[in-house]
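What the coordinates show
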Amino acid sequence: MIPFFLSLVVLIFGSFVFQFFLPPVLLLSGAAILFAPPLYFYGCLSLPFPLMLALTFITGLLNDLFMVPQAKGHADYTAGVSILVYLVPGLIMHGFKPLFLRHRWELHWLLAEISAALTPFILVAQYAILSIERTNFFFNDVIVWRILGPGLISLLIAPCVFFILTPLSHVLGYRPGLPLAR
Amino acid sequence: MKSTSIAVIGIFALLVILVLLLPQSTKQQMQGALFQWISPILRTGASVGHELGGVRGGLKRLDELERENEQLKSENEQLSAANSLLKNLESEVSRLNRALRFREQSPVKLIPARIISRESATWWNTCTIGCGSKDGVAPDMAVVTESGLVGKVTTVGKDVSVVLLVSDESLRVSVSIEGTQEQGIVSGTRASSTYAPDLRIRFLSKTAKLQPGMKVLTAGAGGVFPSGLVIGTVKDFSAKALEGIATVTPAVDLADIQDVFVIIRQQ
């Protein structure tokens, strides 16, 4: 279990670094390609509750340290807020764990798509916090695409991530809900 | 609920509160250390990207030359390729010459830096440059090119720094309009579909007589940006109920910057 948790942490860290080299999708009004959320959501489905919380803490903190400029004095989005932003969809995904433990590929695919649908929630929450801090709330088509675009991209990415991580967890000796390999 | 779960939730909540209450300077240091740690990867990625960009640039030039060939119907392909390479070198040399002249003529101390990554975060416009505290860079120092203002340094590692770009909504700069008494605050946009969005000046007087093409310069208020740095040119002006708002085309092409300078201020 611990090796798989650590490998997820490394993969999430790597995905944040990899994101520096991915240009925004101009076709979707500059929406970002996000690899960290599907990795995180897989962790929420497969890991026990304490490790899921630990993964939330690490992912949220890394998200802010990598993505949010930490300006001097008052920051309108201080590092650490994303822990709470990730926690809510993470808990929703954790609620689907019994479904995940049935180990049927079609259920895993469905859960991957649910995780993709939850990705925009993270961006909506970030946008809401920024808007409240800057006391300026508005919506236009660019903002809508910036929120929904990563979710649409995740619809393609998340199943691939899920189908790669399942064998990885088995290789690392973590088989939740399955008999131990001899 | 099991007692272990309650204990785990308690520890988690405590850690979250601890992180949220950390002083901003500590968070800046954490971010600086993180970027310092990954800077070798960013540098390698930037150099690979640069090489690939060179290849793409070369191909584009070849396309242009091919069109020229069709028009002139006289040059052969080998000669065109050689010309293309020379033109590439020439533009590189003239770009560096411009940067060097700007550095030599500048009355303030400038540290040259190369952009090593351009973050594609959803709500923030930042980039990472390849110089840091060992070069004398500190938070809140202005970053410029020979064309004008690029942004300001927010986080500093040993040899890497994060720059908040002028196109970001959270970077607000006091500005004056050349040839007028008008002053206002310029800021970027929260989300734009392009790399180089227009900027917006607020708090201008409603009766301001601004014409398209007028230069927008930093006013020097606040102590972060020296006065007189070019930000861009006025695109249009409209008077609202309480204030005048102008749209500004940035002087620096933020989509295509490679080399920048950090203005070193005496601490």
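Residues numbered from 1 in each chain as written. Chains lettered and ligands numbered in written order. Predicted model: local features only at pLDDT ≥ 70, side-chain atom pairs only at ≥ 80, totals over all residues. Heavy atoms only, no water.

Quick notes on the overall build of chain B
The number of helices and strands found in chain B is 3 helices and 12 strands. Among the 267 residues that make up chain B, the fraction classed as buried is 42%. Carbon and sulfur atoms form 57% of the exposed surface of chain B, whose accessible area is close to 14000 Å². (Helix = DSSP H or I, 4+ residues; strand = E, 2+ residues; numbered from the N terminus. Buried < 20%, exposed > 50% of the residue type's maximum accessible area, 1.4 Å probe, protein only. Areas by Shrake-Rupley, 256 points an atom, 1.4 Å probe, with all protein chains shown as cover.)

Remarks on the overall build of chain A
From N to C terminus, chain A includes 7 helices and 0 strands. Helices and strands in chain A line up, N terminus first, as α-α-α-α-α-α-α. Its C-alpha atoms give chain A principal-axis dimensions of about 60 × 35 × 30 Å. Across chain A, contacts joining residues at least 24 apart in sequence account for 74% of those joining residues at least 6 apart. Total accessible area on chain A stands at roughly 7600 Å², and carbon and sulfur atoms take up 76% of it. On chain A, the mean spot of the 8 positive side-chain charges and the mean spot of the 6 negative ones are 15 Å from each other. (Contact = heavy atoms within 4.5 Å. Lys, Arg positive; Asp, Glu negative; His and termini not counted. Charge placed at Lys NZ, Arg CZ, Asp CG, Glu CD.)

Quick look at helix α1 (residues 3–21) of chain B
Residues and elements named next belong to chain B. With 19 residues, α1 should cover 27 Å at 1.5 Å per step; its first-to-last C-alpha distance of 27 Å lies within 8% of that length. When we look at burial in α1, the residues that qualify are Ser5, Val8, Phe12, Val16 and Val19. Summarising the axial view, the buried residues of α1 lie within an arc of 70°, below the 170-degree limit, and thus occupy one face. In α1, the exposed residues that point more than 90 degrees away from the buried face are Ser3, Ile11, Leu14, Leu18 and Leu21. (Expected span 1.5 Å × (residues − 1). Arc of directions from axis to C-beta.)

Considerations on the pairing of strand β10 (residues 230–239) of chain B
Residues and elements named next belong to chain B. One ladder, built from 3 bridges, connects strand β9 (residues 215–218) with β10; its direction is antiparallel. Counterpart to Val216 in the pairing with β10 is Gly232. Sheet topology note: the β10/strand β11 (residues 244–250) ladder contains 7 bridges and is antiparallel. Of the residues in β11, the one forming a bridge with Ser238 is Ile245. Hairpin connection from β10 to β11: 4 residues lie between these consecutive antiparallel strands. (Pairing = 2+ DSSP bridges.)

Digging into the nonpolar core
Membership of the largest hydrophobic core comes to 77 residues, with the highest contact counts inside it found for A:Phe16, A:Tyr40, A:Leu47, A:Leu55, A:Phe66, B:Ile38 and B:Trp123. At the level of elements, α1 (2–18), α2 (36–46), α3 (49–67), α4 (81–95), α6 (105–133) and α7 (141–171) of chain A together with α1 and α2 (24–72) of chain B are the ones that each hand at least two residues to this core. By residue number, the principal contributor to this core is α3(A), which donates 10 residues. Looking at this core, you find at least three residues from each of domain 1 (29–105) and domain 2 (110–263) of chain B. Not counting residues within four places of it along the chain, the set of residues in contact with A:Tyr40 comprises A:Ile12, A:Met52, A:Leu55, A:Thr56, A:Thr59, A:Tyr86, A:Leu87 and A:Gly90. With 47 residues, the next largest nonpolar core counts B:Cys127, B:Cys131, B:Ile177 and B:Val262 among its residues. (Core = buried A, V, L, I, M, F, W, Y, C linked by side-chain atoms within 4.5 Å. Domains from an automatic or database assignment.)

Topic: the pattern of salt bridges
Within this structure, the stated rule accounts for 7 salt bridges over all chains. Across the salt bridge formed by B:Glu169 and A:Arg134, the nearest N and O atoms sit 2.4 Å from each other. Within this pair, whereas B:Glu169 is found in the loop between β5 (161–165) and β6 (173–177), its partner A:Arg134 is found in the loop between α6 and α7, the two belonging to separate chains. Both residues of the pair, B:Glu169 and A:Arg134, belong to the buried class. Across the salt bridge formed by B:Asp259 and B:Arg114, the nearest N and O atoms sit 3.1 Å from each other. Residue B:Asp259 is located in strand β12 (residues 259–264), and its partner B:Arg114 is located in strand β1 (residues 109–118); the two are separated by 145 residues in the primary sequence. Classification of B:Arg114 as partly exposed rests on a relative accessible area of 34%. (Salt bridge = Lys/Arg side-chain N within 4 Å of Asp/Glu carboxyl O.)

What about the environment of A:Thr78?
Mapped onto the fold, A:Thr78 is located in the loop between α3 and α4. Setting aside residues up to four positions removed in sequence, A:Thr78 forms contacts with A:Asp64, A:Gln70, B:Leu20, B:Gln24 and B:Lys27. A polar contact is formed between the side chain of A:Thr78 and the side chain of B:Lys27, at a distance of 2.5 Å. (Polar contact = N/O pair within 3.5 Å; in protein donor to acceptor, adjacent residues only side chain to side chain.)

Some details on a nonpolar patch on the surface
On the surface, a nonpolar cluster with roughly 460 Å² of combined accessible area is contributed by A:Trp105, A:Trp109, A:Leu110 and A:Phe163. With respect to the helices, strands and loops of the structure, A:Trp109 is situated in helix α6. (Patch = residues over 30% accessible without salt bridge, like charges linked within 9 Å, V, L, I, M, F, W, Y side chains within 5 Å.)

Some thoughts on the sheet that holds β6(B)
Read around the closed barrel, 6 strands run β6-β7-β8-β11-β10-β9 (chain B), paired in antiparallel fashion. When strand polarity is set aside, the average angle formed by the axes of neighbouring strands in this sheet is 40°. (Axes fitted to C-alpha atoms, helices over the stretch in contact; angles between N-to-C directions.)

A word on the environment of B:Pro250
All names here are of chain B. Take Pro250: it is sitting in strand β11. Measuring from C-alpha to C-alpha, the distance between Pro250 and Val234 comes to 9.0 Å, with 16 residues separating the pair along the chain. Excluding residues within four positions of it along the chain, Pro250 makes contact with Pro197, Asp198, Leu199, Ile231 and Gly232.

Focus on the interface of chain B and chain A
With 43 residues of chain B at the contact, the number on the chain A side is 49 residues. The contact between chain B and chain A buries some 4200 Å² in all, and 70% of this surface belongs to carbon and sulfur atoms. Considering only the side of chain B, the residues that lose the most area to chain A are B:Trp123, B:Trp124 and B:Arg190, jointly responsible for 19% of the buried surface there. The interface formed by chain B and chain A contains 1 salt bridge. At the junction of chain B with chain A, the criterion picks out 10 residue pairs in polar contact (both at pLDDT 80 or more). Taken together, the elements giving at least two residues each to the side of chain B that touches chain A come down to α1, α2, β1 and β4 (149–156) of chain B. Looking at which element gives the most residues to the side of chain B that touches chain A, the answer is α2(B), with 13 residues. Grouping the constituent residues of the side of chain B that touches chain A by class yields 22 nonpolar, 14 polar and 7 charged. (Buried area = accessible area lost by both parts, 1.4 Å probe. Nonpolar A, V, L, I, M, F, W, Y, C, P; charged D, E, K, R; others polar.)

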